[in-house]
Amino acid sequence: MALALPQSTHAPGPRPVTKFRTQLNASSLAQFVDPLPLPEIAQPTSFRPSPTDPVQKLPYYRIAMREFESKIHRDMKPTRQWGYAASSPGPTFETRSSQGILVEWANELPDTHFLPIDHTIHGAEASKPEVRTVVHLHGAKAPPESDGYPDNWYPTGKAALYHYPNRQEAAMLWYHDHALGINRLNVFAGLLGAFFVRDEFEDSLHLPSGKYEIPLIVYDRIFDLESQLNYPVSADPKKPWLPEVFGDAVLVNGKLFPYLEVEPRPYRFRVLNGSNGRFLHLSLSEKGAIHQIGTDQGLLPAPLARDRISLAPGERTDVIVDFSAMVGASVVLKNDISAILQFRVAKTKALASVIAMPQTLRPVAKIPESSAVKTRMLSLVEVDDVVQRPMTMLLNNAHWSMPVTENPVLDSTEIWSLLNTTDDAHPIHLHLVRFQILDRRNFDVSVYWAKGEVKYTGPAMPPDPSEAGWKDTVRADPGMVTRIIARFEGYPGRYVWHCHILEHEDNEMMRPYDVVAAP
Ligand code: C2O
Ligand code: CU
Ligand code: CU
């Protein structure tokens, strides 16, 4: 198969022409008229034998994906969506470390899609069923057959039984669709939800919990004047795919501009950027109240005071916000300059005893670089057409269907150097493992294309303290080499790594990788 040569991505070419149905202007709607919804907690319905040890019985959940309608905002009409257990976000899983569960994910969706499929995309050919789903638990150390491999999709009327052993530290994971070639549409339709793993170490910190711990699942959408999801398309009806999709409506837990009544005390917020392609930059109208305590894969060594939190698609943050000094105030959470959520702080101070912020959290031992048995140089590439419109994005210049090139040995440590040759930041996610960011460093992209050589043009920069914990998704900045280090623990088998901008992931910016059992 001939590969198109990457074109220079530096000349600003014409951008794709976008054809919109008339769009609802989200900013025309009244703010803070709907309470913030909290997703239901998923409940097991029985106990079933563990696939690895049939004497042991594990909680069994059955979650059906269904079409449903709900109101995104008081003044909008009901919006058709697809959701796990007919809600979006889907129900929240509450689980404990090392206590496995079984989930049967049933596809009970209609058998036609309501968003525009691009049949020219690999895996989404017109010969395939329109509606295909497979669930991935992002951040989970799951066996390969329960990881939601993109080719393991199944159509309407079918289900898959997955085993999540939860042999990992307390963290906020999230589950979402991962079907090859239409993942961006399935997630946009509403197929995502939160999944918490808890452990004793986290319990011992006595962080705010129960009604004082709240998931905030943030993502952007576009609606038409009928309040329906409006996934944008290119001007070519045969190739509707667009390289990026940004909505003007930024939803929190599935509502537009909700409000939350809080007590004047500390709260713990578990924040997920579930957007297809939008990077979030969150801040509070009151400065000095946010303390970051965790990253994608769990707690930081110590709290960090933050005025602004940036999250790429797929990333999570764990924060304590202390409303104690804001009695009676209304405080807004902003993304960039726009308010997305309002906190209404009660006028009466609770009688609760003063809650102290722990000074230290969970130690994060640095993985020594010297423990890596291999360093892989992996390029991120945008392939443009003759008029410099992005056609596809590649990892290491390879397509999804090409043979596996990344094959770490089980329990070995590797450094992956992500060479971003494009003009955009790409959030790179590895399934199965947690990793640490070593550094980011500018390099000369034109020298790289001309000679295949990495010529650094600046010093290596350590990760920001906000990213200096355990991660599973990392922002690879343009023109930089981003180095991560991971121990490939868990299970041998086939997994994937990919860009978490879902439009990129669907159009080839995803590769299989194999964890191979030691010889
Ligand atoms: Cu959240 Cu493979 O992704
Ligand atoms: Cu994942
Ligand atoms: Cu990307």
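On a predicted model such as this, the values are computed, not experimentally measured, just so you know. (Residues numbered from 1 in each chain as written. Chains lettered and ligands numbered in written order. Predicted model: local features only at pLDDT ≥ 70, side-chain atom pairs only at ≥ 80, totals over all residues. Heavy atoms only, no water.)

**What to know about the coordination of the copper ion (ligand 2)**
Piece 1. On the protein side, the copper ion (ligand 2) has H136 (NE2) and H429 (NE2) as donor atoms, found 1.8 Å from it. Taken together, the positions of H136 in strand 9 (residues 135-138) and H429 in strand 30 (residues 426-430) put the pair 293 residues apart, joining distant regions of the chain.
Piece 2. Overall, H136 belongs to the buried group, its relative accessible area being 0%.
Piece 3. According to the relative accessible area criterion, H429 is buried, its value standing at 0%. (Donors = N, O, S within 2.8 Å, 3.2 Å for Na, K, Ca; no water. Helix = DSSP H or I, 4+ residues; strand = E, 2+ residues; numbered from the N terminus. Buried < 20%, exposed > 50% of the residue type's maximum accessible area, 1.4 Å probe, protein only.)

**Remarks on the nonpolar core**
Piece 1. Within the largest apolar cluster, 90 residues are counted, with the highest numbers of intra-cluster contacts made by F93, W105 and I428.
Piece 2. Among all residues touching W105, those that are not within four sequence positions of it are I63, M65, Y84, F93, V135, Y154, K158, A159, A160, Y162, Y164 and Y175.
Piece 3. V271, L311, F323 and I340 belong to the second largest nonpolar core, which has 29 residues in total. (Core = buried A, V, L, I, M, F, W, Y, C linked by side-chain atoms within 4.5 Å. Contact = heavy atoms within 4.5 Å.)

**With respect to the environment of I484**
Piece 1. With respect to the element layout, I484 can be found in strand 33 (residues 480-487).
Piece 2. Accessibility expressed as a relative area gives 2% for I484, which makes it buried.
Piece 3. With 154 residues separating them in the primary sequence, I484 and S330 have C-alpha atoms 40 Å apart.
Piece 4. Not counting residues up to four positions away in its chain, the partners in contact with I484 are E414, I415, W416, L430, F435, Q436, I437, L438 and V474.

**Some remarks on the coordination of the copper ion (ligand 3)**
Piece 1. Protein ligation of the copper ion (ligand 3) involves H426 (ND1), C499 (SG) and H504 (ND1), the donor distances falling in the range 2.0 to 2.1 Å.
Piece 2. Here the donor residues of the copper ion (ligand 3) share one chain and are spaced in sequence as H-x72-C-x4-H. One end of the pair, H426, is in strand 30; the other, H504, is in helix 4 (residues 502-506), and 78 residues separate them in sequence. Of the two residues, H426 and H504, neither departs from the other in class, the shared state being buried.

These figures come from the coordinates and say nothing about function on their own.
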